[in-house]
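Coordinate inspection notes
Chain by chain, the residues run as shown.
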Amino acid sequence: MAVALKSWKALGTSVHVLSTHDDGLDAATTAVRDVLEDVDEAYSRFRADSELTRLNANAGRTIRISPLLATAIDAALRAARLTDGAVDPTIGRAIRVAGYDDDFSRISAEGPHPALPRERGREAFPPERGRAMKLRAWRVPGWQGIRLDRRLRTVWLPHGVELDLGSTGKALAADLAATAALAAVGGRGVLVSLGGDIAIAGEPPSGGWRILVAEDSRARPDGDGDVICVPSGGVATSSTTVRRWSRDGLVLHHIIDPQTSLPTSGPFRTVTVVAATCLDANIASTAAIVRGEAAIDWLSSCGLPARLVENDGTIHYIGPWPDPTSVAA
Amino acid sequence: MDSLTPTQRDRGLERLRRLTFGAAAGGLIGVVGVGIAAAASYAGTPSSNATAQTTTTTTDTTTNSSSSTSGSDLQSGPQAPTTGSSGSGTVTSGGS
């Protein structure tokens, strides 16, 4: 399958834009770059001048926000509703306390214990109660307290709440970028991948876009492994095997369980989901990691094709996921 | 005042019982009705559902197609994926 490809780095991850036509690639790339710049300005957690940073610094006040940030917060609240809070945007403080407090490329792989508990004093969190207990002290406040008025485009955060739109935000960005790229290429087929979260728009190549499903988005697409052909919608993979670091010897990763305020420790290390949009696929894959043992039943009830990898490497296929032993394309 | 015959007295008592029963039943229906109306109109203590409703009561003028299904289930694509041959992928979906 001949497709045109352009790749670069943005939003702290890899960006790939594919087009079914060579002559549309430049226009598609420009459109995607524009969307990602807007996204970075609107809801980067690591930019001092982003709208999200200003919003987080103004908890307790009603703040008027841009249409893009309103859309992103709306998407995050929808994710929280649909997953009963398994995907919760109010994990901002928990993930910062866990050590993910800057662009991941600038985070040291190892380091001392997170600073915030020390600032609060050891009296409140005696050492004998352990590191996990200290981290849990910053319990995720919960998405229910957020007040978003979409008509007036205002939002109010309770005191102490810091939003992190990283999970749904990246997938939403992929969807928006694919839509913009499609408009730029005049309806031809485009695919946008942001760190392995994939959005598809327009007429796909014959048989659909061929996507290698892996645990790490940096894996070569022509390497060995499960390849699925997807004609439309989105594909997302959530994994605890990447974006890892350690503090005081405690290995941590970026998927936070809102129930514990800690990185998840369930039976599944990687989950891939195919859905109508990249956003919905990401919501489902992230929620599945957080839900742990309940993920299979929950994904089955959603009716979404899914592939789950247990910590020991056992793979489960859910719903209409194609039989990996039957090559149809 | 003339004294009542036993028959007249019994009819009077029966009428009084009917009136008492009717008034009691009407009162009960009224109490239940008001209770239902009050329960429906009082938000109660905060819960996830109540708050979720709060966040979705206003007209959305900013969201786009990606979030226009707000409140609905997660949506599957119109066509299920099919299997491709190993080594033929053009892009990778994985954690990042």
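Keep in mind it's a predicted model, so treat the numbers as computed, not measured.

1. Remarks on the nonpolar core
Residue and element names in this part refer to chain A. Counting residues in each nonpolar core, the largest one holds 103 residues, and the members touching the most others are V32, A177, A181, V190, V192 and A284. Viewed by domain, this core spans two of them, domain 1 (4-45 + 172-318) and domain 2 (51-166), each represented by three or more residues. In this structure V190 touches V17, L18, S19, A28, A178, A181, L182, V185, A201 and G202, once residues within four positions along its chain are discounted.

2. Observations regarding the interface of chain B and chain A
Of the residues lining the interface, 41 residues belong to chain B; the matching set on chain A comes to 84 residues. Of all the secondary structure elements, the ones that give two or more residues to the side of chain B that touches chain A are α2 (48-54), β1 (82-84) and β2 (91-95) of chain B. The leading source of residues in the side of chain B that touches chain A is β2 of chain B, at five residues. Its residues placed into classes, the side of chain B that touches chain A shows seven nonpolar, 32 polar and two charged.

3. Some remarks on the packing of helix α7 (residues 166-184) of chain A against helix α8 (residues 278-291) of chain A
Residues and elements named next belong to chain A. In the contact formed by α7 and α8, the axes pass within 8 Å of each other and the chain directions differ by 155 degrees. If you check the angle between α7 and α8, you find them roughly antiparallel. Relative to α8, α7 is oriented so that their crossing is right-handed. Along the contact surface, α7 presents S167, T168, A171, L172, A174 and D175, while α8 presents C278, L279, A281, N282, I283 and T286. Within the contact of α7 with α8, the residues separate by chemical class into seven nonpolar, four polar and one charged.

4. Focus: the sheet that holds strand β9 (residues 209-216) of chain A
Backbone-to-backbone hydrogen bonds pair the strands of a sheet. The strands run either parallel or antiparallel. If you walk across this open sheet you meet the four strands as β1(B)-β10(A)-β9(A)-β2(B), and the pairing is mixed. The open sheet has two edge strands, β1 and β2 of chain B, and neither has a second partner. Adjacent strand axes in the sheet meet at a mean angle of 40 degrees, parallel and antiparallel pairs treated alike.

5. Let's talk about the sheet that holds strand β3 (residues 62-64) of chain A
Residue and element names in this part refer to chain A. Ordered by their spatial adjacency, three strands build an open sheet running β3-β6-β5, and the pairing between neighbours is antiparallel. This sheet does not close on itself; its edge strands, each paired only once, are β3 and β5 (147-149). In this sheet, adjacent strand axes meet at a mean angle of 20 degrees when their direction is disregarded. In this structure, β3 lies alongside strand β6 (residues 154-156), joined through three bridges in antiparallel fashion. The residue of β6 that forms the bridge with T62 is W156.

6. A few points about the confidence of the model for chain A
In the predicted model, chain A carries a mean pLDDT of 88, and the fraction of residues at 70 or more is 91%. Long-range and interchain partners of residues 115-129 of chain A, a stretch whose pLDDT sits below 50, account for seven contacts in this model, where long-range means more than four residues apart.

7. Digging into the pairing of strand β8 (residues 197-201) of chain A
Look at any regular strand and the pattern is simple: side chains alternate between the two faces of the sheet. Residues and elements named next belong to chain A. Across the five residues that make up β8, a large majority, five, are buried. Neither face of β8 is exposed, since D197, A199 and A201 on one face and I198 and I200 on the opposite face are all buried. Relative to β8, strand β7 (residues 190-194) runs antiparallel, the two being bridged by five bridges. From the neighbouring strand, V190 faces β8, where its bridge partner is A201. Here β7 folds back onto β8 in antiparallel fashion, the turn holding two residues, of which G195 has a positive phi close to 55 degrees. Strand direction decides the pairing type here: β8 and strand β11 (residues 233-239), joined by three bridges, are antiparallel. Residue pairing across strands places A199 opposite G234, the latter belonging to β11.

So, how was this worked out
Residues numbered from 1 in each chain as written. Chains lettered and ligands numbered in written order. Predicted model: local features only at pLDDT ≥ 70, side-chain atom pairs only at ≥ 80, totals over all residues. Core = buried A, V, L, I, M, F, W, Y, C linked by C-beta atoms within 7 Å. Buried ≥ 20, exposed ≤ 12 C-beta atoms within 10 Å, placed from the backbone. Domains from an automatic or database assignment. Contact = placed C-beta atoms within 7 Å. Helix = DSSP H or I, 4+ residues; strand = E, 2+ residues; numbered from the N terminus. Nonpolar A, V, L, I, M, F, W, Y, C, P; charged D, E, K, R; others polar. Axes fitted to C-alpha atoms, helices over the stretch in contact; angles between N-to-C directions. Parallel < 35°, antiparallel > 145°, perpendicular 65-115°, else oblique. Left-handed = near helix turned anticlockwise from the far one by under 90°. Pairing = 2+ DSSP bridges. pLDDT = per-residue confidence, 0-100.

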